[in-house]
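Commentary on secondary and tertiary structure
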Amino acid sequence: MELLFARNELNEKPKKVQLEKIKEELLKAGEKIFYFDRDNSHKDMMALVDALEEEGFNVYFREVKYGLADDEYMYEVHALLIK
């Protein structure tokens, strides 16, 4: 599965990342917060949450609004490794 990290600037393209890379980073750190672009589908984000939970992570997911317009949001995923 390929996802898009949140943009740093409104006019730049979001960077792509594979699910396996996300899992690798989480296994190294044990806990991490990721921000994903609004161009990811909600279905893909739920698939990410499910995949991480299957790997033994406790996952908190929410949409973060940073403006008043409907398209001014990003997804936040906070994952913790349960030992």
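Residues numbered from 1 in each chain as written. Predicted model: local features only at pLDDT ≥ 70, side-chain atom pairs only at ≥ 80, totals over all residues. Heavy atoms only, no water.

Let us now look at the environment of L27. Topologically, L27 is positioned in helix α1 (residues 19-29). Of the residues examined, L27 reaches a relative accessible area of 55% and is grouped as exposed. Distance in space between the C-alpha atoms of L27 and F5 is 19 Å, their sequence separation being 22 residues. (Helix = DSSP H or I, 4+ residues; strand = E, 2+ residues; numbered from the N terminus. Buried < 20%, exposed > 50% of the residue type's maximum accessible area, 1.4 Å probe, protein only.)

Before going further, it helps to spend a moment on the packing of α1 against helix α2 (residues 42-54). The N-to-C vectors of α1 and α2 enclose an angle of 45°; their axes lie 11 Å apart at closest approach. Judged by the angle between their axes, α1 and α2 are oblique. In terms of crossing hand, the pair formed by α1 and α2 is right-handed. Here L19, I22, K23 and L26 of α1 lie close against α2, whose contacting residues are L48, A51 and L52. When grouped by side-chain class, the residues that make up the contact of α1 with α2 number six nonpolar, no polar and one charged. (Axes fitted to C-alpha atoms, helices over the stretch in contact; angles between N-to-C directions. Parallel < 35°, antiparallel > 145°, perpendicular 65-115°, else oblique. Left-handed = near helix turned anticlockwise from the far one by under 90°. Contact = heavy atoms within 4.5 Å. Nonpolar A, V, L, I, M, F, W, Y, C, P; charged D, E, K, R; others polar.)

Attention now goes to the environment of L80. Tracing the backbone through its elements, the reader meets L80 in strand β5 (residues 73-81). Spatially, the C-alpha atom of L80 lies 9.5 Å from that of L52, the residues being 28 residues apart in sequence. If we ignore the near neighbours within four places in the chain, the residues touching L80 are G30, E31, G56, F57, N58 and Y60.

Here the focus is the pairing of β5. Of all nine residues in β5, seven are buried; the element is thus mostly enclosed. Where strand β4 (residues 57-65) meets β5, nine bridges bridge the pair, whose relative direction is antiparallel. Each residue of the ladder has a partner; that of V64, found in β5, is M74. (Pairing = 2+ DSSP bridges.)

Right, let's get into the packing of aromatic side chains. Throughout the structure, instances matching the rule amount to five aromatic pairs. An angle of 35° between the planes, with centres 6.0 Å apart, marks the rings of F34 and F36 as tilted. By the ring-pair criterion, three or more aromatic residues cluster together here, those being F5, F34 and F36. (Phe/Tyr/Trp six-rings, centres within 6.5 Å; stacked < 30°, edge-to-face > 60°.)

Counting through the fold element by element, R62 comes out in strand β4. With 13 residues separating them in the primary sequence, R62 and Y75 have C-alpha atoms 5.9 Å apart. Apart from residues no more than four positions distant in its own chain, R62 is found in contact with M74, Y75 and E76. In this structure the side chain of R62 is engaged in a polar contact, spanning 2.6 Å, whose partner is the side chain of E76. (Polar contact = N/O pair within 3.5 Å; in protein donor to acceptor, adjacent residues only side chain to side chain.)

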